[in-house]
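Residue-level listing of the chains:
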Amino acid sequence: IASTDSATLSFGGSSVLSRVSYSDADRAEFEFTVPKLDAPTGEKSYTLSVRHGTSVARTATFSFKFFDDSIELTCLTGGCQASSAGGTTFTAAITNMLIVGTVTDAIDVTFKGVAASSVSLVSTNDTYTVLEITTPDYTCTTCGDYLEGFSEADITVESKTDSTLSASAGFIF
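Our subject in this report is the structure included herewith.

What counts, and where the lines are drawn
- Along each chain, residues carry numbers from 1 onward, in the same order as the chain's sequence is written.
- Since the coordinates come from a predicted model, pLDDT governs what is reported: local features require at least 70, and pairs of side-chain atoms require 80 or more to be given and counted, while whole-chain, interface and lining totals use all residues.
- Each side-chain value is worked out from all heavy atoms of the structure, with water and hydrogens disregarded.
- Segments assigned H or I by DSSP are reported as helices when at least four residues long, segments assigned E as strands when at least two residues long, and all are numbered from the N terminus.
- Only protein chains enter the area calculation, which uses a 1.4 Å probe; residues under 20% of their type maximum are buried, those over 50% are exposed, and those in between are partly exposed.
- Cysteine sulfurs are considered disulfide-paired once they come within 2.5 Å of each other.
- Each reported salt bridge corresponds to a side-chain nitrogen of Lys or Arg within 4 Å of a carboxyl oxygen of Asp or Glu.
- The term nonpolar core refers to a set of buried residues drawn from Ala, Val, Leu, Ile, Met, Phe, Trp, Tyr and Cys, joined through side-chain atoms within 4.5 Å.
- Strand pairing is assigned whenever DSSP identifies at least 2 bridges connecting the two strands.
- With axes taken as lines fitted to C-alpha atoms, and helix axes fitted only over the stretch in contact, angles between N-to-C directions fall between 0 and 180 degrees.
- Between N or O atoms, a polar contact is any pair within 3.5 Å; within protein, one atom must be a potential hydrogen donor and the other a potential acceptor, and residues adjacent in sequence are included only when both atoms are from side chains.
- Pairs were defined over the aromatic rings of Phe, Tyr and Trp, the Trp ring being its six-membered one, requiring ring centres within 6.5 Å. Orientation was assigned from the angle between planes: stacked under 30 degrees, edge-to-face over 60, tilted for the rest.

## Description of the environment of E148
Considering the arrangement of structural elements, one finds E148 in the loop between β11 (128–134) and β12 (155–159). Taking the relative accessible area as the measure of exposure, E148 reaches 73% and is therefore exposed. Each C-alpha atom of the pair E148 and I94 lies 30 Å from the other, and the pair is 54 residues apart in sequence.

## Side note on the state of the cysteines
Under the criterion given, the structure shown has 1 disulfide. Note on cysteine connectivity: C75 is disulfide-linked to C80, with sulfurs 1.9 Å apart. Measuring the twist about the S-S bond at about 95°, one finds the C75-C80 disulfide to be right-handed. One exposure class covers both C75 and C80, and it is buried.

## Section: the pattern of salt bridges
Should the charged atoms of two oppositely charged side chains come close, the side chains can pair. Inspection of the entire model under this criterion finds 3 salt bridges. D24 is the salt-bridge partner of R27, the closest N and O atoms lying 3.7 Å from each other. On the basis of relative accessible area, D24 is assigned to the partly exposed category, the value being 31%. K160 is paired through a salt bridge with D108; the nearest N and O atoms lie 3.6 Å apart. With K160 in the loop between β12 and β13 (166–169) and D108 in strand β8 (residues 107–111), the pair connects residues that are 52 residues apart, well separated along the chain. Under the relative-accessibility criterion, D108 is labelled partly exposed at 37%.

## Description of the nonpolar core
With 27 residues, the main nonpolar core has I107, F111, I133, I155 and F171 as its most contacted residues. Of all the elements in the fold, those that place two or more residues in this core are β6 (73–75), β7 (89–95), α1 (103–106), β8, β11, β12 and β13.

## Observations regarding the sheet that holds strand β1 (residues 6–10)
In space, the 3 strands of this open sheet follow the order β1-β4-β5, with antiparallel pairing throughout. The sheet is open, and its two edges are formed by β1 and β5 (58–66), each paired on a single side. Taking the axes of each pair of neighbouring strands and ignoring which way they run, one obtains an average angle of 20° across the sheet. As defined by bridge partners, strand β4 (residues 42–51) adjoins β5 across 9 bridges and the pair is classed as antiparallel. Note that in β5 the partner of L48 across the bridge is A60.

## As for unusual backbone geometry
Its identity is not glycine, yet N96 carries a phi of approximately 55°, on the positive side. Here K112, not a glycine, exhibits a phi torsion of approximately 50°, which is positive. Tracing the backbone shows K112 in the loop between β8 and β9 (114–115).

## Things to note about the side chain of T156
Secondary-structure assignment places T156 in strand β12. Only 2.8 Å separates the side chain of T156 from the side chain of S168, close enough to count as a polar contact.

## What to know about the packing of aromatic side chains
Enumeration over the complete set of coordinates arrives at 8 aromatic pairs. Taken together, a centroid distance of 5.7 Å and an interplanar angle of 20° make the contact between Y46 and F62 stacked. Within this pair, whereas Y46 is found in strand β4, its partner F62 is found in strand β5, the two being separated by 16 residues in sequence. The class for F62 is partly exposed, based on a relative accessible area of 34%. Through successive ring pairs, a cluster of aromatic residues spans F90, F111, Y138, F171 and F173.

In short, shape yes, function no, at least from these values alone.
Written out as structure tokens, the structure is:
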């Protein structure tokens, strides 16, 4: 790749060629910096144009599929509320957190720092994981403040191997 060569990536916006990561007589590999997209999910079409010196540009059009990798926790049953006496079992779903192996080795489930009494895996795939969670006894003095008989305690699901992989939802005892 010579200084007179160029590579551009078009997708309805502008991109910046970061570097040529590989090149030989037959092929080249490019890295581009792409700005934040307005609609970051779904399939997008791109056109790559490469020009060698003053020759006619070679172009290739391809599709790329983007997905939402945000992690969200939702109570499916029980409405994210239970008695502070504990022992209530409900079902929750967490997006984009595939569980591999046993659920107790993979994640921690807590209610404002108080561990769930039990957690079992109902199902898991690349899109979402469904858990069956049993609430702990939430009557301890350090559990939280009660206002008019209720205490707000976020439920948090966190990966044991990567603490950046976590999600919380409001929960009321």
